[in-house]
Amino acid sequence: MKLLTHNMMKSHCKGVVNGFPLKLSSTQVDVKEIEFNPDFINRMLSRLEWPVLVQIANQLGVGEGLPEMLPEEQKFEDEDVLKKIHHVLLEVEVVEGELECPETGRKFPISRGIPDMRLNEDE
């Protein structure tokens, strides 16, 4: 699961009001190189919950060099910063671990990079 995916997921358990951000714990993280596209990264910035991305990247040990805040125009010109954001969003992948609903504590496994968000009928 890429950190871009994590940044857009939330819990849909019964009774959950917000369900975001999902807590993330990992037992295996891989890095897979992907072609750099600065335009894509700049277009995605306005869709991200930036503080959550920075927090999770730091938690996984890959957040060094990420700005703490987005600029007001939500666009970066510095190619080194864009490459760092690209790396965190698209190249870092949680292969094994789990997500946890912040409201209910319900855990969702991540196996082979795929989060299993299926719920039981009573959830």
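Residues numbered from 1 in each chain as written. Predicted model: local features only at pLDDT ≥ 70, side-chain atom pairs only at ≥ 80, totals over all residues. Heavy atoms only, no water.

Draft legend 1. Summary view of the pairing of strand E3 (residues 107-111). Only one face of E3 is buried, namely the one carrying Phe108 and Ile110, since none of Lys107, Pro109 and Ser111 on the opposite face is buried. With four bridges connecting them, strand E2 (residues 92-100) and E3 associate as antiparallel partners. Paired with Glu98 across the two strands is Pro109, which belongs to E3. Two successive antiparallel strands, E2 and E3, enclose a turn made up of six residues, where Gly105 displays a positive phi of approximately 80°. The pairing of E3 with strand E4 (residues 114-115) spans two bridges and is antiparallel. (Buried < 20%, exposed > 50% of the residue type's maximum accessible area, 1.4 Å probe, protein only. Helix = DSSP H or I, 4+ residues; strand = E, 2+ residues; numbered from the N terminus. Pairing = 2+ DSSP bridges.)

Draft legend 2. Geometry of helix H3 (residues 50-59). Among all positions in H3, only Trp50, Val52, Leu53, Val54, Ile56 and Ala57 are buried. Buried residues in H3 make contact with helix H1 (3-6), strand E1 (23-31) and helix H4 (79-91). Looking one or two places after H3, you find Gly61, whose phi comes out positive at around 80°. (Contact = heavy atoms within 4.5 Å.)

Draft legend 3. View of the pattern of salt bridges. Applying the stated criterion to the full structure yields six salt bridges. Ionic pairing is found between Lys32 and Glu93, a salt bridge with its closest N-O pair at 3.6 Å. Residue Lys32 is located in the loop between E1 and helix H2 (38-44), and its partner Glu93 is located in strand E2; the two are separated by 61 residues in the primary sequence. Owing to a relative accessible area of 42%, Lys32 belongs among the partly exposed residues under this scheme. For Glu100, the salt bridge goes to Lys107, with nearest N and O atoms at 4.0 Å. Exposure remark for Glu100: the relative accessible area of 21% places this residue in the partly exposed category. It is possible to trace a salt-bridge network through shared partners that takes in Lys2, Lys32 and Glu93. (Salt bridge = Lys/Arg side-chain N within 4 Å of Asp/Glu carboxyl O.)

Draft legend 4. Structural detail: the packing of aromatic side chains. According to the stated counting rule, one finds one aromatic pair in the structure shown. Both rings, one in Trp50 and one in Phe76, keep their centres 6.4 Å apart while their planes meet at 45°; by these two values the pair is tilted. You can see Trp50 sitting in helix H3 and its partner Phe76 sitting in the loop between H3 and H4, a full 26 residues away along the chain. Classification of Phe76 by relative accessible area gives buried; the value is 11%. (Phe/Tyr/Trp six-rings, centres within 6.5 Å; stacked < 30°, edge-to-face > 60°.)

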